[in-house]
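As a plain string of letters, each chain reads:
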Amino acid sequence: MIGYVECEFRIYEAGSLKGKRAVLQRVITRLKQKFNVSVSEIGHQDLWQRTKIAIVTVASIQSAAEREIENAIKFLDSFPEWERLETIYEWL
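Residues numbered from 1 in each chain as written. Predicted model: local features only at pLDDT ≥ 70, side-chain atom pairs only at ≥ 80, totals over all residues. Heavy atoms only, no water.

Asks: Is there a simple way to explain helix 2 (residues 62–77) in this structure?
Replies: Residues spaced three or four apart along an α-helix point in a common direction, a consequence of the helix completing one turn every 3.6 residues. If you check helix 2, its first and last C-alpha atoms are 22 Å apart, about what 16 residues at 1.5 Å a residue would give, namely 22 Å. Listed as buried for helix 2 are Ala64, Ala65, Ile69, Ala72, Ile73, Phe75 and Leu76. The buried residues of helix 2 occupy an angular sector of 170° when the element is viewed end-on, so they sit on one face. Every exposed residue of helix 2 that faces more than 90 degrees away from the buried side is listed here: Arg67 and Lys74. (Helix = DSSP H or I, 4+ residues; strand = E, 2+ residues; numbered from the N terminus. Expected span 1.5 Å × (residues − 1). Buried < 20%, exposed > 50% of the residue type's maximum accessible area, 1.4 Å probe, protein only. Arc of directions from axis to C-beta.)

Asks: When you look at the pairing of strand 2 (residues 38–43) in this model, what are you seeing that I'm missing?
Replies: Side-chain direction in a regular strand flips from residue to residue, so the side chains alternate between the two faces of the sheet. Of the strand pairs in this sheet, strand 2 and strand 3 (residues 50–58) are connected by five bridges, and their pairing is antiparallel. Bridge pairing links glutamate 41 to isoleucine 53 in strand 3. Here strand 2 hands over to strand 3 after six residues, with histidine 44 in that stretch at a positive phi of 60°. (Pairing = 2+ DSSP bridges.)

By themselves, these are just geometric observations and shouldn't be taken as functional.
In structure tokens:
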């Protein structure tokens, strides 16, 4: 089972693309270290206060993939620098 989720965020503390990249790099690195997921920025690369990231995980059963994705999203929501605006789930 493959779990895929797209999350769109507003980054409040970013005053430039450089500031946005600093926040993204820190969060994505921690997420990859803590969870069994792959993560990449997939949208809004040219906007300094918005980003869209994709998170993917693979598991033998859907409930395990769901649990990993939900834990990753809760972790992302714990950062005060940004707010999640939209979330789209897919199960393959």
